[in-house]
Amino acid sequence: MKILVPIKRVIDPYAKVKPLDDGTGLNLSGVKFEINPFDEIAVEEAVRQKEKNPEIQIIVVSIGGPESEEQLRKALAMGADEALHVETTDQLDPSIVAKELTAVVKEQNPTVILLGKQATDNDNNQTAQMLAAQLEWPQATFASKIEFNDGKANVTRETDTGEEVLAIPLPCVITTDLRLNEPRFIPLPGIIKARSKPLTKLERQTSDQPRVEVLSYTAPPTRSAGKKVATVDELIAELKSKGALA
Amino acid sequence: MNLLLIAFDSEDAVTCAAFGQSSNHPFDILQLTGLPATNLGAGKVISLDLPSLPPADYFAAALKPIAESYDRVAAVSSMRGKDALPRLAGLLDWPMISDITEIVDEKTFIRPILAGSILTKVQLNHPKAFLTFRPAGFPAPNLAGESSVESVSPGWKGTSKRLSESLSEGGRPDLATAKVVVSGGRPLKDAETFENLVGGLADALGGAVGATRAAVDSGIAANELQVGQTGKIVAPDLYIAAGISGSTQHMAGIKDSKIIVAINIDGDAPIFDIADYGLVADLFDALPELTQKLQK
Ligand SMILES: Cc1cc2nc3c(=O)[nH]c(=O)nc-3n(C[C@H](O)[C@H](O)[C@H](O)COP(=O)(O)OP(=O)(O)OC[C@H]3O[C@@H](n4cnc5c(N)ncnc54)[C@H](O)[C@@H]3O)c2cc1C
Ligand SMILES: Nc1ncnc2c1ncn2[C@@H]1O[C@H](COP(=O)(O)O)[C@@H](O)[C@H]1O
């Protein structure tokens, strides 16, 4: 069984990012980059499945600029067997990423594609579902538990009202939610050791241009600190005077 | 420009109509479950009248021929909208814009990125698109007219099988649309304490209950209560945050609340930088006192 894990290099989710003064982009000076947290969970899940079933082979793939190699190396250090890097500095959108991934899938024939539910930079939450549609594979998004047996995946999914369990036949597309697992910590020597694992560079296979263009970036209106109250009674009085309490 | 709004149930149809009316385009509503909502200003209501919602593969295959004839297809950005809509977008190969908070014109929208720390203005360079939107940005719809109802039974095709499902317990209002939300964080210790203190205050106010990821992760609160970047986005008139530090990811989900109250033992907690009213207090004292005084 082969698991393909697409990973994206994103702005550190804990970084405080500001727009450029002219609104044409983001001020990224001094900002670190990481594997998208949901993708790190996906890599961790693949590695845990491999620990249960050594026949599993894990391939990570990233589409992006030369720097994405750093995140692919980290995924190899976590336990992935092989990395593919579709190296491009082109502007991408989820639909382009899904098409590029479809091309990789046709070459690699994975049984399972495990993606993050959303990239924490653009917060799109689209790529996996678009990919599943193009491949006409079943999907289970927002997974908090995954079990493979009998040629199918039983996936516990987070829903608006709680949880559901979906059984989907393989091959399939699954996206990870936060509670699926906690990724392991990789000490530096582990990352250096992973340098001997194969990392293959690929070219883009499609020539689509993004169909959603960002015109400007701005800071949202800020809320400012209000009033400190000393007691519960004072709080109730303030809320009543604002009409927030009957 | 014609718009199709996909409503998963009757309550959803009202939120959809809010977006439809704000867009100023003629719109139809496709409603999957529940009594068709015919007084919301839709041209027609396409009623599927299903006993329960189908998994995304069935949904997308069945709705493709209906969606195809519209220029825009939109839904609320709930978990089910996020699951199903991009699959339909993938089948039709249309672009998609998620989490719209404001409509600028028929091609231009505002949406947040990076956990709400940046707003982007985005433009479509394609005639057709899928959209999801956040309810907070769109005022409640005017009740208007009597829409015609068209009952359809699309062809269902898929391979997923639902083995089990938890449904909302009812009793408390829906978190995403509640007028009052009381949320609790990590210090609430255990599920029982959380339910007593946070649930108790919510019930005294007729509100919904929310939680931080830290509270959910430690098993204090149910996962569907998580508010924030990767949970639910809320916009109540009153949001009470108890024992919540105010991380960017949590703030992303509450910024559009009218009044934010923070109760935290640490006077320097970041939540106080955005709260309209801050009470520096131990929540184990403050929540019961507040509940007791509001019950009277
Ligand atoms: C990719 C990603 C996505 C995330 N998505 C979300 C999300 O959607 N929603 C979310 O909430 N988080 C999310 N997080 C987690 C987020 O970064 C924070 O870790 C989390 O919000 C902290 O929760 P908390 O405020 O309950 O806990 P803490 O940060 O530990 O804060 C607890 C607060 O309680 C106060 N306190 C302690 N004891 C008392 C007492 N007795 N009385 C009163 N106050 C007390 C403390 O002073 C402190 O301020 C995400 C993180 C990542 C990386
Ligand atoms: N450039 C990329 N390279 C590899 N995988 C990606 C890329 N962009 C998105 N993905 C995958 O798609 C998931 C969802 O991304 P998005 O739809 O952009 O929120 C991510 O968690 C990744 O698993």
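Residues numbered from 1 in each chain as written. Chains lettered and ligands numbered in written order. Predicted model: local features only at pLDDT ≥ 70, side-chain atom pairs only at ≥ 80, totals over all residues. Heavy atoms only, no water.

Counting 46 residues, the largest nonpolar core has Ile113(A), Ile6(B), Leu30(B), Leu32(B), Phe59(B) and Phe130(B) as its most contacted members. Excluding residues within four positions of it along the chain, Phe130(B) makes contact with Ala67(B), Val73(B), Leu85(B), Leu88(B), Ala89(B), Leu92(B), Trp94(B), Pro95(B), Met96(B) and Ile97(B). Judged by nonpolar contacts, the second largest core, of 36 residues, contains Ile35(A), Met78(A), Val112(A) and Ala194(A). (Core = buried A, V, L, I, M, F, W, Y, C linked by side-chain atoms within 4.5 Å. Buried < 20%, exposed > 50% of the residue type's maximum accessible area, 1.4 Å probe, protein only. Contact = heavy atoms within 4.5 Å.)

Around ligand 1, the surrounding shell holds 28 residues, and the nearest of these are Arg186(B), Thr212(B), Val227(B), Ser245(B) and Asn264(B). With respect to ligand 1, the chains having nearby residues are chains A and B. Within the backbone of Gly243(B), an N or O atom sits 3.2 Å from an oxygen atom of ligand 1. Only α5 (213-217), α6 (248-251) and α7 (283-295) of chain B provide two or more residues apiece to the shell around ligand 1. (Near = heavy atom within 4 Å. Polar contact = N/O pair within 3.5 Å; in protein donor to acceptor, adjacent residues only side chain to side chain. Helix = DSSP H or I, 4+ residues; strand = E, 2+ residues; numbered from the N terminus.)

Turning next to the side chain of Ser95(A). You can see Ser95(A) is positioned in helix α3 (residues 94-108). Those residues in contact with Ser95(A) that sit more than four places away from it in its chain are Met130(A), Gln134(A), Arg211(A) and Asp93(B).

Once that is clear, we can look at the sheet that holds strand β1 (residues 2-6) of chain A. Remark on secondary structure: sheet strands pair via backbone hydrogen bonds, oriented parallel or antiparallel. Taken in spatial order, the 10 strands of this open sheet run β13(A)-β7(A)-β6(A)-β1(A)-β8(A)-β12(A)-β9(A)-β10(A)-β11(A)-β11(B), and their pairing is mixed. Where the open sheet ends on each side, the last strands, each with one partner, are β13 (199-202) of chain A together with β11 (161-165) of chain B. When strand polarity is set aside, the average angle formed by the axes of neighbouring strands in this sheet is 30 degrees. Pairing analysis gives 4 bridges linking strand β11 (residues 162-169) of chain A to β11(B), with the strands arranged antiparallel. Residue pairing in the sheet places Ala167(A) in a bridge with Lys161(B) of β11(B). In the packing of α3(A) onto the sheet, the strands contacted are β1, β6 (57-64), β7 (82-87) and β8 (112-116) of chain A, and the crossing angle to β6(A) comes to about 145 degrees. Sheet contacts for helix α4 (residues 127-135) of chain A: β8, β9 (139-149) and β12 (172-176) of chain A; angle to β8(A), the most-contacted strand, approximately 155 degrees. (Pairing = 2+ DSSP bridges. Axes fitted to C-alpha atoms, helices over the stretch in contact; angles between N-to-C directions.)

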